[in-house]
Amino acid sequence: MAIRAKAVLGAAAMAGAMAFAGTAQAAYFVNAVASLGAEQDGGIQSNGPTSASASVAGGSSQASVDLSTGKAKAYVGFYGPDSPGGDFGSAGAVFGDTVTFTGATTATFNFAIEGIIDSDAIQAGNTSTLQLFGVGAIRVFQAGSGATANNFFNHAGALVSKTWTYELRNPAEATYEEIYHLLSGTLDVSPGASYDIFTSFSVGIAMNGQPVFASMDFLNTATYGIETADGSAFGSASGALVGSTPIPGGVPEPGTWALMIGGFGLAGAGLRRRRGALLA
């Protein structure tokens, strides 16, 4: 009898797959993407809207992002048998902006990740791999450093580079886990200095035919913020970034933003079940 081959992708590989093979020149952008099987919704919006949302399959996969609150929300949850041909789901939110500091001496960039992971135990005797994974990241570059979609994760010019990864594979028992993780990095900054910031959060589930329910609920949310040591102000190109004011005199020279969520198609292709015979 043909057995479902195990489709496995580690969180680190997922992060690499999320580097989109294209670029979007923008002073700021928002992007929310949701997918479940063949259903997909969302996409990048540059130099215009400061919030975005996406949802498919009645909310089984959904994401939203809002510059004004710094919130990036993502949710995936479904029952395997209810999703024939669509047993891979993912959701993610990403935004980028340019910030300029006024009088600050240090600045701390924070991204607080909070959510709940819930999964049934895998079915006894089923050799398919049930996998839940998540990736959150903040990156900060000197404005115009040359960070692109192809080198975002390993670009040498990153001044702040923090990544959270999560992976749960084949839980033998029902799992309920509350997640709280803070990504944080501090820089010495000078008045008038500009920086390109990137923030991304994504979750996914590869069901691989397991007849169970699993969910990654991060609607409670991941929240971005910037703190200055002396309470000095900072402006943003969007004029909407949480805690910021519009940058006087127009938009500073923009960098090239990384579209981290575009690679969901690649990640999905890698996680979709591949048929083949496995040794017991």
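Conventions we followed
Residues numbered from 1 in each chain as written. Predicted model: local features only at pLDDT ≥ 70, side-chain atom pairs only at ≥ 80, totals over all residues. Heavy atoms only, no water. pLDDT = per-residue confidence, 0-100. Contact = heavy atoms within 4.5 Å. Pairing = 2+ DSSP bridges. Helix = DSSP H or I, 4+ residues; strand = E, 2+ residues; numbered from the N terminus. Buried < 20%, exposed > 50% of the residue type's maximum accessible area, 1.4 Å probe, protein only. Core = buried A, V, L, I, M, F, W, Y, C linked by side-chain atoms within 4.5 Å.

**Q** In this structure, what is going on with the confidence of the model for the protein? I would like to understand it.
**A** Caution applies to low-pLDDT regions: their predicted coordinates should not be interpreted in detail. Summing up the model confidence of the protein, the mean pLDDT is 79 and the portion of residues at 70 or higher is 75%. Within the model, pLDDT remains below 50 along residues 1-25, and this stretch shows 81 contacts once partners closer than five positions in the same chain are excluded. For residues 249-280, every residue scores under 50 in pLDDT, and the model assigns this stretch 108 contacts once sequence neighbours within four places are set aside.

**Q** I tried to follow the pairing of strand 14 (residues 213-228) on my own but got confused; where do I start?
**A** The two faces of the sheet receive side chains in turn, since in a regular strand these alternate between them. The sheet contact formed by strand 7 (residues 71-79) and strand 14 spans eight bridges and is antiparallel. Residue pairing for strand 14: lysine 71 is matched across the bridge by threonine 223. As defined by bridge partners, strand 9 (residues 106-119) adjoins strand 14 across 10 bridges and the pair is classed as antiparallel. In the sheet register, aspartate 118 faces strand 14, and the bridge partner there is serine 215.

**Q** Where do I start with the side chain of serine 215 in this structure?
**A** Along the chain, serine 215 turns up in strand 14. Taking the relative accessible area as the measure of exposure, serine 215 reaches 6% and is therefore buried.

**Q** Just to check I follow, could you spell out the nonpolar core for this structure?
**A** Most often, soluble globular proteins keep nonpolar side chains buried together rather than apart. The biggest cluster of nonpolar side chains holds 56 residues, and the ones touching the most others in it are Phe101, Phe109 and Phe201. Among the elements that make up this core, the one with the highest residue count is strand 14 (six residues). If we skip the residues at most four places from it in the chain, phenylalanine 109 touches Phe101, Ile138, Val140, Val160, Leu183, Ser184, Gly185, Leu187, Ile197, Tyr224, Gly225 and Ile226.

**Q** So what exactly am I meant to see when it comes to the pairing of strand 8 (residues 88-101) here?
**A** Counting buried residues along strand 8, 14 of its 14 residues qualify, which places the element largely inside the surrounding structure. One ladder, built from eight bridges, connects strand 3 (residues 29-36) with strand 8; its direction is antiparallel. In the sheet register, serine 35 faces strand 8, and the bridge partner there is serine 90. In terms of strand pairing, strand 8 meets strand 13 (residues 194-206) through 13 bridges, oriented antiparallel. Pairing of glycine 96 across the sheet is with phenylalanine 198, part of strand 13. Bridging between strand 8 and strand 15 (residues 234-236) involves three bridges; their strand directions are antiparallel. Bridge pairing in strand 15 places valine 99 opposite serine 236.

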